[in-house]
Amino acid sequence: MAICLICLGGWATSCGGGRNLVEPASSPIGVNLPWLDDQGQSPTPCIISAYNHRIDVILAGDAFCNKSSNALVNTPNLFLYAGPNEVSWAIYAFPDVVAVAAPFRISVELGNAPTQYYLGIADYGQQTWRRTLIDTPTGYYDIPSEYQPVSPTGKLYIAIVAWDGHYPILASVTLNRSVVPMYGICFGPYLKGLNPNRKDVIPREQIVSLLEIVSPYCEWVRTHGSTHGLEHVPAIANSMGISVAAACWLGNYPTDPGANESEIQSVIELGLSGDVKFIIAGTEVLLRNDLPPDELIAIMRRIRDATGLPVTTNDTWYELMRNPEVMAECDIIVANFYPFWEPYWHDGDGGVSVDKAMQALHYNYQNLCSAAGGKDVIIGEVGWPSDGDSNGAAVPSPENAALFWFNFASWARANDVKYFYFEGFDEAWKEPYEPCGVGDHWGLWTENGELKPGMMPVFNGETMADNWSYIPDGDPIIEFNYPLPPYGVDEEALLEGTTSGVNPLDYNVVVYVYVPYNTEYPGAFGWWVKPHWSPACLTPIRWDSTWECRINTGGYDEYATKIAAYIFSDSYIPSSDYDHIDSDELPQELTDNSVAHIQVPR
């Protein structure tokens, strides 16, 4: 019986006569290799055991062991050689790899063919092996994400078999991290029954174990608070090579006036610790109307003065655009985008279907960037639930959650967008707090730490083609939706329409109504721009090429007999001289500067 001992990272390399350092029954990591009979031989047990940083391969029987050849280690590659009718065995220990950081890619290069080549992946925690056969001169094997080898020494071990009945074999085996990490993830560790609304304290060991799961997959994490255990996240994450954006949770707490102050004090301490890159003062405070803008701004300034770090707040993109004074105070713009909820949370009914979600997000993101005044824009939250009830056209399901993640990550990589995906793990405590029963289904991982189906292609570096950019098809056209707002009805009238052939990001609509002369209201005569005077006369075109404009804004508007609309590029805004045109005809300049126009009687 032959014994082959392979060690790396300063360990010894040797092959020779055999002895088992630890009896298999008592070995903490002893396992059997039951698949040797795949070579056409009778089942041949093989024992691997480790003790004091040494690894023994004990091959029972003579079928292969009496022809085993030496295995040479050349870090980081392992080279095997087997002569004619010989078999080469080796155990390759990767000493610097924490096993739970799967997935990995094993690259295999064989010196010549024909040959057969087996890889065995040790899972000491389950006392099992996974093996694959590579029968091409060059190939690779990906250890899948759901298979995460665990050993008491925290190493990944790979057993290698190479043989050929006619030709020598020279094989090089290299272990590469195959994960392409995301930019950042929202880290919520309230799992295993914990609930922040009860002020539960998160155990430090729970934070460590959850960060170990996500650490290979992300470069950044962000928190949503800085107390009740969350204050430990920055230091732990930094020790794992992860950058941190720390947040203080801000709310309206009339019965607990010290809650906000505790969060502010804690995040200031974290900012002074050196473990935080920037600070987020409050999440969706404006959306919930928990604090007025001026109070939020005062808190941001206080944290900035105390820490010297960049400070921002995190809110929905539309609330930030509605509060330009808050955006002006932010060192970085951190905005949430949720096509699943929008326009449910933005003057509409129902969300966007998953196949159109990135088109909507791309449009809204570009508009926010234009309003940001050159400041760095980071997506603070974005995601899609994997279960629950539909919100209009937005349907939660495992398939749609995986599709949205794949589509979003492809868009972010193509456009070099920084983001924190929402979220790391399903958190059961959120279930009662969101409509549609989706609150506990936003995680990339389940509450048990399992990556959900369909999420892995992003981490493999796969991307999908651009389906978010508007590609004009045909000549520019503008149309009205019918029926038009009724004549003579003195109430708010909403004119709706569509465009085609123009990118909504680069064009606007301008609407005019014509009021004929009458003796009762002679001053109402002529064409009037709607809904506001210049330059606010521009009506934006939505991401889906639809638009709407309020045309009854006072005076005699309900008796307008003609309606006209133009499409103008962003480079043209009609002169204020054309806000009211005291004439039966519209100026030719408007037609000359438009790419399309329409005029209809009412």
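Bear in mind the structure is a predicted one, so any value in this text is a computation, not a measurement. (Residues numbered from 1 in each chain as written. Predicted model: local features only at pLDDT ≥ 70, side-chain atom pairs only at ≥ 80, totals over all residues. Heavy atoms only, no water.)

*Asks:* Explain the overall build of the chain here, please?
*Replies:* Scanning the chain for helices and strands turns up eleven helices and 32 strands. Counting every position in the chain, which comprises 602 residues, the buried fraction comes to 53%. Long-range pairs, those at least 24 residues apart, make up 69% of the contacts in the chain with a sequence separation of at least 6. Surface summary for the chain: the accessible area is close to 25,700 Å², and the carbon and sulfur share equals 50%. (Helix = DSSP H or I, 4+ residues; strand = E, 2+ residues; numbered from the N terminus. Buried < 20%, exposed > 50% of the residue type's maximum accessible area, 1.4 Å probe, protein only. Contact = heavy atoms within 4.5 Å. Areas by Shrake-Rupley, 256 points an atom, 1.4 Å probe, with all protein chains shown as cover.)

*Asks:* I tried to follow helix α1 (residues 204-214) on my own but got confused; where do I start?
*Replies:* Structural remark: α-helix, 3.6 residues per turn; residues separated by three or four positions point the same way. Those residues of α1 that fall on the buried side of the exposure criterion are Q206, I207, L210, L211 and V214. Summarising the axial view, the buried residues of α1 lie within an arc of 125°, below the 170-degree limit, and thus occupy one face. Buried residues in α1 make contact with β17 (218-222) and α2 (233-239). (Arc of directions from axis to C-beta.)

*Asks:* Explain the sheet that holds strand β20 (residues 311-316) to me, please; I cannot follow it from the model alone.
*Replies:* Two strands in a sheet stick together by hydrogen bonds in their backbones, pointing the same way (parallel) or opposite ways (antiparallel). Spatial ordering of the open sheet is given by β16-β17-β18-β19-β20-β21-β22-β23, a layout of eight strands whose pairing is parallel. Each edge of the sheet is formed by a strand with only one pairing partner; in this case those strands are β16 (182-186) and β23 (418-419). Here β16 pairs with β17 via four bridges, running parallel. Residue I185 lies in a different strand from β17, and its bridge partner there is V221. (Pairing = 2+ DSSP bridges.)

*Asks:* How do you make sense of the pattern of salt bridges when you look at a structure like this?
*Replies:* One side chain can pair with another of opposite charge once the charged atoms of both are near each other. The tally for this structure, following the rule as stated, stands at 14 salt bridges. Where D331 meets R304, a salt bridge forms, and the shortest distance between an N and an O atom there is 2.9 Å. Of this pair, D331 sits in the loop between α7 (324-329) and β21 (333-336) while R304 is found in helix α5 (residues 293-307), placing the two residues 27 residues apart along the sequence. Look at D331 and you get partly exposed, because its relative accessible area is 33%. For R304, a relative accessible area of 18% gives the class buried. Across the pair D426 and K452 runs a salt bridge whose closest N-O atoms are separated by 2.9 Å. Here the residue D426 occupies a position in the loop between β23 and α10 (456-459), and K452 occupies one in the loop between β23 and α10, the gap between them amounting to 26 residues. Residue class for D426 comes out buried when judged on its relative accessible area of 11%. Here the salt bridges share partners, and the residues they tie into one network are R301, R304, E329 and D331. (Salt bridge = Lys/Arg side-chain N within 4 Å of Asp/Glu carboxyl O.)

*Asks:* Would you explain the sheet that holds strand β29 (residues 546-550) in this entry?
*Replies:* With antiparallel pairing, the three strands of this open sheet are ordered in space as β24-β25-β29. Unpaired on one side and paired on the other, β24 (477-480) and β29 mark the two borders of the sheet. Across this sheet, the average inter-strand angle for adjacent strands is 30°, counted without regard to direction. (Axes fitted to C-alpha atoms, helices over the stretch in contact; angles between N-to-C directions.)

*Asks:* Would you mind showing me how to read the pairing of strand β18 (residues 243-248) here?
*Replies:* A regular strand places its side chains so that they alternate between the two faces of the sheet. In terms of burial, β18 is largely enclosed, as six of its six residues are buried. Side chains of β18 alternate between two faces, with S243, A245 and A247 and V244, A246 and C248 buried alike. Both β17 and β18 contribute to a ladder of three bridges, which runs parallel. Each bridged residue has a counterpart across the sheet, and for R222 the counterpart in β18 is A245. Taken together, β17, α2 and β18 form a β-α-β motif whose crossover is right-handed. Sheet analysis places β18 next to strand β19 (residues 278-283), joined by four bridges and oriented parallel. Bridge pairing in β19 links C248 to A281. Handedness of the β-α-β unit built from β18, helix α3 (residues 259-273) and β19 comes out right-handed. (Right-handed = clockwise from strand over helix to strand, strands pointing away.)

*Asks:* Would you take a moment to explain the nonpolar core for this structure?
*Replies:* Proteins that are soluble and globular tend to have nonpolar side chains buried together. Counting residues in each nonpolar core, the largest one holds 102 residues, and the members touching the most others are M182, W405 and F408. When residues in this core are grouped by element, the largest group, nine residues, is from helix α9 (residues 398-415). In this structure F408 touches M358, L361, I379, V382, Y419 and Y421, once residues within four positions along its chain are discounted. In terms of nonpolar packing, the next biggest core, distinct from the first, is built from 24 residues, V515, W547, I563 and I598 among them. (Core = buried A, V, L, I, M, F, W, Y, C linked by side-chain atoms within 4.5 Å.)

*Asks:* Could you clarify how one ought to interpret the packing of helix α8 (residues 357-371) against α9 in this entry?
*Replies:* A packed helix pair is summarised by two numbers, namely the angle formed by the two axes and the spacing between the axes. It is at 10 Å that the axes of α8 and α9 come closest, and there the two elements cross at 35°. Crossing angle aside, the handedness with which α8 passes α9 is right-handed. On α9, the residues that touch A357, M358, L361, H362 and Y365 of α8 are F404, N407, F408, W411 and N415. Among the residues making up the contact of α8 with α9, the classes are represented as seven nonpolar, three polar and no charged. (Left-handed = near helix turned anticlockwise from the far one by under 90°. Nonpolar A, V, L, I, M, F, W, Y, C, P; charged D, E, K, R; others polar.)

*Asks:* Any chance you could explain the environment of G497 here in plain terms?
*Replies:* Within the secondary structure, G497 sits in strand β25 (residues 494-500). G497 sits 49 residues away from T546 along the chain, and the two C-alpha atoms are 5.8 Å apart. Aside from chain neighbours lying at most four places away, what touches G497 is E479, F480, N481, S545, T546 and W547.

*Asks:* Could you clarify how one ought to interpret α3 in this entry?
*Replies:* Here α3 is 15 residues long and its end C-alpha atoms lie 22 Å apart, about the 21 Å a rise of 1.5 Å per residue gives. Two residues or fewer after α3 comes G274, characterised by a positive phi angle close to 90°. (Expected span 1.5 Å × (residues − 1).)

*Asks:* What exactly am I supposed to notice about the environment of P453 here?
*Replies:* Locating P453 in the fold gives a position in the loop between β23 and α10. Taking the C-alpha atoms as reference points, P453 and A402, separated by 51 residues in sequence, lie 7.2 Å from one another.

*Asks:* Would you take a moment to explain the environment of M300 for this structure?
*Replies:* As for its position among the elements, M300 is in helix α5. Taking C-alpha positions, M300 is 9.6 Å from V326, a pair spaced 26 residues apart along the chain. If near-sequence neighbours (up to four positions away) are discounted, M300 is found in contact with A281, V311, T312, T313, E329 and C330.

*Asks:* What should I look at first to understand the side chain of N260 in this one?
*Replies:* Checked against the element boundaries, N260 lands in helix α3. Given the relative accessible area of 15%, N260 is considered buried. Aside from chain neighbours lying at most four places away, what touches N260 is W249, L250, G251, Y253 and L291.

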